[in-house]
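The chain contents come next:
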Amino acid sequence: MRRSSRYLWVLIAAFGLGAWHSAMAYGPFQGKWPQANLGDPVYLTYSYQNLLDGGLLNPAGDPVPESQIRTAIEEAFSVWAEVAPLHFTEVPDDGLPYGQSTQYGMIRFRHIYINGPDPPTGNPTTKAQARFPGPSVSNGDVDFDHSDPWQLNGTLREPDILGAAIHELGHSLGLTHSDVEGSNLFWIFRRFAGPGTGELHPDDLAAITTHYGTGRGSVTPLVRIPEPTSVALALGGVVALLALRRRSSTERVGLRRP
Ligand SMILES: [Zn+2]
């Protein structure tokens, strides 16, 4: 199916939409997934087109492990789902590009070439991009630049997938850039330090709950990621109590593991 050009690709670093309004706050909304009444549950599917195929590399040039990508994406969904009635369910993806593909989610994750790594000085350039909600098959989709290095602990020039995913999913849900420096939807997205560190800024919270209402959603992936807690239990259960007290970053929104 032909890609619609009616919907603006949002580039993280290239444009600041804050100029559209003068108040220091989140930007005007751009599209919304169907919801009969504010606060009603919204059900969205997601899939990985090619994001898990080893095409994203870390600063050493090694592929970012699938488990690391999945953990970051699921946590990014969860930070939105824990404050708004947004339910995200992973579905299979045949991996084919649009036009050939027949199976994929409403929010589809890919890696592509966008613009290369950052120059040594100056502002960061685009690391990822997303499309706003809408009727096209590509609306809601998120692309990561596979010419940038990706890592667990994000820096300005070598970002983390979690920070980029929280920002881009904000766009996938209809949020535009915020004027508020430090918010996730600021044009330079926040960097985080690995699993469990993702969080919304009050400005992001105000934006998403104004757009969809308050509530609690869920994240339901297709694949169970082995976690350190389960490994510890399998090795003898000596840290069972500690493991039970650990709070998974994705469990906090009632993550339903298969
Ligand atoms: Zn952006």
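Residues numbered from 1 in each chain as written. Predicted model: local features only at pLDDT ≥ 70, side-chain atom pairs only at ≥ 80, totals over all residues. Heavy atoms only, no water.

Draft legend 1. Quick peek at the side chain of Lys-127. Residue position: Lys-127 is located in the loop between strand S4 (107-112) and strand S5 (128-131). Within the local environment of Lys-127, its side chain forms a polar contact with the side chain of Asp-118, the two groups lying 2.6 Å apart. Each residue touching Lys-127, except ones within four places of it in the same chain, is listed here: Ile-114, Asp-118, Asp-143, Phe-144, Asp-145, Asp-148, Trp-150, Leu-156, Arg-157, Pro-159, Phe-189 and Arg-191. (Helix = DSSP H or I, 4+ residues; strand = E, 2+ residues; numbered from the N terminus. Polar contact = N/O pair within 3.5 Å; in protein donor to acceptor, adjacent residues only side chain to side chain. Contact = heavy atoms within 4.5 Å.)

Draft legend 2. Expanded view of the nonpolar core. One finds Ile-73, Trp-80, Phe-88, Phe-109 and Phe-144 to be the most contacted residues of the largest nonpolar core, which totals 42 residues. Look past the residues within four positions of Phe-109 in its chain and what remains in contact with it is Tyr-46, Ser-47, Tyr-48, Gln-49, Asn-50, Leu-51, Ile-73, Phe-77, Val-142, Phe-144 and Leu-169. (Core = buried A, V, L, I, M, F, W, Y, C linked by side-chain atoms within 4.5 Å. Buried < 20%, exposed > 50% of the residue type's maximum accessible area, 1.4 Å probe, protein only.)

Draft legend 3. The arrangement of the coordination of the zinc ion in detail. Bound to the zinc ion on the protein side are His-167 (NE2), His-171 (NE2) and His-177 (NE2), at distances that span 2.0 to 2.1 Å. When the donor residues of the zinc ion are listed from N- to C-terminus, their spacing reads H-x3-H-x5-H. Here the residue His-167 and the residue His-171 both occupy positions in helix H2 (residues 161-172), the gap between them amounting to four residues, near one helical turn. One exposure class covers both His-167 and His-171, and it is buried. (Donors = N, O, S within 2.8 Å, 3.2 Å for Na, K, Ca; no water.)

Draft legend 4. View of empty space enclosed by the protein. Within this structure, the stated rule accounts for one cavity of 30 Å³ or more. There is about 100 Å³ of room inside the largest cavity. For the largest cavity, the full set of lining residues is Gln-68, Thr-71, Ala-72, Glu-75, Gln-151, Leu-152, Asp-160, Ile-161, Leu-162, Gly-194 and Pro-195. Mapped onto the lining of the largest cavity, the elements with two or more residues apiece are helix H1 (66-81) and H2. Partitioning the lining of the largest cavity into residue classes produces five nonpolar, four polar and two charged. (1 Å grid on protein atoms, 1.4 Å probe; cavity = no way out; pocket = protein on both sides within 12 Å on 5 of 7 lines; lining within 4 Å. Points joined across faces, edges and corners; volume = space filled by probe spheres on them. Nonpolar A, V, L, I, M, F, W, Y, C, P; charged D, E, K, R; others polar.)

Draft legend 5. Focus on the packing of H1 against H2. One can describe the packing of H1 onto H2 by two numbers: an axis separation of 8 Å at closest approach and a directional angle of 45°. As far as their axial angle goes, H2 and H1 are oblique. Crossing geometry of H1 relative to H2 is assigned as right-handed. The residues of H2 that touch H1, namely those facing Ile-69, Ala-72, Ile-73, Glu-75, Ala-76, Phe-77, Val-79 and Trp-80, are Ile-161, Leu-162, Ala-165, Ile-166, Leu-169 and Gly-170. Residue composition of the contact of H1 with H2, grouped by class: 12 nonpolar, one polar and one charged. (Axes fitted to C-alpha atoms, helices over the stretch in contact; angles between N-to-C directions. Parallel < 35°, antiparallel > 145°, perpendicular 65-115°, else oblique. Left-handed = near helix turned anticlockwise from the far one by under 90°.)

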